[in-house]
Amino acid sequence: MLDQPFLSDELVQKRQDLYSRLDQVATAPLWSVMSKLVTATPQPASVPAVWSYQVMRRLLLEAGGLISAKEAERRVLILENPGIRGMSQITQSLYAGLQMILPGEIAPSHRHAASALRFVIEGEGGYTAVDGERITMHPGDFIITPSWTFHDHGNNGDTPVIWLDGLDVPMVNLFDASFAQGYPGGEVQALTRPENDASARYSQGLAPVEYVHTSTSSPLFHYPYSTARAALDTLYRNGPVNPWHGVKLQYINPTTGGPAMPTMGAFIQLYQAGFVSRPYRSTDASVFCVKQGSGVSHIGGTLVPWEAGDVFMVPSWSAVIHEVQQDAVLFSFSDRPAQKVLGLWREEQMETTL
Ligand code: GTQ
């Protein structure tokens with residue numbers, strides 16, 4: 001910073017006078033806000049945080065006895081970052097929540113400009129229908145709901161189904177580009193293709209010869225856990241294991257090789273018990289959901305313990321070290337694709353360990 005020059009009382013007074021007249025014409029001097037406006041490094045207001053699944057599950061079940069999925073439209077407990085309460089945000093750019101559908105319930109069909117992703121935590125028999133195709137949800141499955149696709153959820157099983165929702169709502173609202181509407185034809189959208197149709201079309205290293213790439217999102221909406229887990233196990237055996245990320249895969253649009261959606265990227269990684277990752281930081285704040293295992297993450301100096309079902313977040317540019325206690329599979333998502341396409345994304349793989 002520059003040395004502060006001597007200011008006479010007269011000059012101070014004249015400046016104050018100018019600033020108050022600037023204020024009256026909706027103007028402000030850049031020099032008084034420059035350093036907090038254009039920061040040398042990211043200065044996130046969000047803080048490291050963890051939501052215990054055992055606690056959240058009890059609260060969701062309690063909510064289930066007090067309001068139906070139909071009345072709520074979506075029965076979701078929003079995970080609000082403690083550093084930015086009241087904003088419905090888990091990071092500066094992302095929304096996250098835990099959604100529950102009880103047996104026989106329906107969350108009515110709607111669509112919105114915001115893109116959504118789901119990571120299934122618990123329960124069998126749940127389904128979500130996206131763009132005319134029903135997807136049966138199993139724990140660990142990753143499912144996308146691209147922007148402006150109709151989607152409704154239901155539960156044909158006999159136990160609660162609970163999943164993590166991730167949406168880019170804060171980004172959509174940053175741009176003042178939000179639209180939403182209910183499905184005009186009733187609670188449940190018409191199904192236009194049988195289950196697993198998109199999987200046959202797009203997930204086998206093949207694509208229909210007439211397929212034309214037009215959407216910004218993947219035509220494949222369902223990424224089963226069984227497939228992801230098998231890949232992680234094989235790659236762990238084959239090696240090498242990355243000292244920062246363990247074995248880490250990203251969910252892709254199979255027709256482009258790029259991310260499944262343009263605003264949010266999603267990942268799944270496997271760490272062996274006893275593994276201590278090297279410190280890593282990146283400009284995309286990340287939301288993690290623990291599929292299995294337990295450990296402690298050191299997030300910018302804060303100790304965050306986690307176990308199966310827990311959700312925790314790492315703010316932008318906070319160095320994170322994962323100390324793994326029991327063999328762990330971590331799902332995560334962030335705004336990385338948006339940052340990359342805007343030329344903003346940075347990462348740093350650091351060398352020092354604990
Ligand atoms: O499932 O469509 O957590 O529209 C928030 C808004 C879930 C959904 C959320 C939504 C949904």
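Our structure is the block above this text.
Residues numbered from 1 in each chain as written. Predicted model: local features only at pLDDT ≥ 70, side-chain atom pairs only at ≥ 80, totals over all residues. Heavy atoms only, no water.

Regarding its fold elements, the chain presents 8 helices and 20 strands. For the chain, the C-alpha radius of gyration of 23 Å lies close to 20 Å, the compact-globule estimate for 354 residues. Along the first, second and third principal axes, the C-alpha atoms of the chain reach 80 × 50 × 50 Å. Counting all 354 residues of the chain, 45% fall into the buried class. Counted over contacts in the chain with a minimum sequence separation of 6, partners at least 24 positions apart contribute 75%. In the form shown here, the chain has an accessible surface area of approximately 17,800 Å², with 56% of it arising from carbon and sulfur atoms. (Helix = DSSP H or I, 4+ residues; strand = E, 2+ residues; numbered from the N terminus. Rg over C-alpha atoms; globule rule 2.2 N^0.38 Å. Buried < 20%, exposed > 50% of the residue type's maximum accessible area, 1.4 Å probe, protein only. Contact = heavy atoms within 4.5 Å. Areas by Shrake-Rupley, 256 points an atom, 1.4 Å probe, with all protein chains shown as cover.)

Leu 79, Ile 90, Leu 164, Val 311, Phe 331 and Phe 333 are the most contacted members of the largest nonpolar core, which has 54 residues in total. Core analysis: the next-biggest nonpolar cluster, separate from the first, contains 13 residues, Phe 275, Val 290, Trp 306 and Val 314 among them. (Core = buried A, V, L, I, M, F, W, Y, C linked by side-chain atoms within 4.5 Å.)

Let us look at the sheet that holds strand E6 (residues 126–130). Judged by pairing direction, the sheet is antiparallel, and its 5 strands sit side by side in the order E7-E6-E9-E4-E11 without closing on themselves. The open sheet terminates on both sides in strands that have one partner only, identified here as strand E7 (133–137) and strand E11 (180–182). Taking the axes of each pair of neighbouring strands and ignoring which way they run, one obtains an average angle of 25° across the sheet. Sheet topology places E6 next to strand E9 (residues 151–155); 5 bridges connect them, and they run antiparallel. Note that in E9 the partner of Thr 128 across the bridge is His 153. (Pairing = 2+ DSSP bridges. Axes fitted to C-alpha atoms, helices over the stretch in contact; angles between N-to-C directions.)

Attention now moves to the site of the ligand. All residues adjacent to the ligand are Arg 74, Val 76, Tyr 95, Gln 99, His 110, His 112, Arg 118, His 151, His 153, Asp 165 and Leu 167. At a separation of 2.8 Å, an oxygen atom of the ligand approaches a polar side-chain atom of His 110. Those elements giving two or more residues to the shell around the ligand turn out to be strand E3 (95–101), strand E4 (106–112), E9 and strand E10 (161–167). Tallied by class, the residues present in the shell around the ligand amount to 3 nonpolar, 5 polar and 3 charged. (Near = heavy atom within 4 Å. Polar contact = N/O pair within 3.5 Å; in protein donor to acceptor, adjacent residues only side chain to side chain. Nonpolar A, V, L, I, M, F, W, Y, C, P; charged D, E, K, R; others polar.)

Glancing now at the layout of surface pockets. Of the pockets and cavities examined, the largest pocket occupies roughly 1,000 Å³. Counting only elements with at least two residues in the lining of the largest pocket, the list comes to helix H5 (169–174) and helix H8 (336–341). Roughly 410 Å³ of volume is contained in the second largest pocket. Every residue lining the second largest pocket is counted, 16 residues in all, and those nearest its centre are Tyr 223, Pro 224, Thr 227, Ala 228 and Tyr 251. Sorting the residues of the lining of the second largest pocket by element identifies strand E12 (222–223), helix H7 (225–238) and strand E13 (247–250) as the ones contributing at least two each. Residue composition of the lining of the second largest pocket, by class: 10 nonpolar, 6 polar and no charged. (1 Å grid on protein atoms, 1.4 Å probe; cavity = no way out; pocket = protein on both sides within 12 Å on 5 of 7 lines; lining within 4 Å. Points joined across faces, edges and corners; volume = space filled by probe spheres on them.)

The next point concerns the side chain of Arg 111. As for its position among the elements, Arg 111 is in strand E4. Within the buried core, Arg 111 has no salt-bridge partner, and the shortest N-O distance to an opposite charge, that of Asp 131, equals 7.2 Å. Here the side chain of Arg 111 touches Gln 181 through a polar contact of 2.7 Å, side chain to side chain. (Lys, Arg positive; Asp, Glu negative; His and termini not counted. Salt bridge = Lys/Arg side-chain N within 4 Å of Asp/Glu carboxyl O.)

In this model, Gly 239 is joined to Pro 240 through a cis peptide bond whose omega is -5°. When you line up the elements, Pro 240 lands in the loop between H7 and E13. The phi dihedral of Ala 26 falls on the positive side, at around 55°, and the residue is not glycine. On the secondary structure map, Ala 26 appears in the loop between helix H1 (9–24) and helix H2 (34–37). Overall, the relative accessible area of 78% leaves Ala 26 in the exposed class. Phi is positive for Glu 73, which is not a glycine, with a value near 70°. Inspection of the secondary structure puts Glu 73 in the loop between helix H4 (69–72) and strand E2 (76–78).

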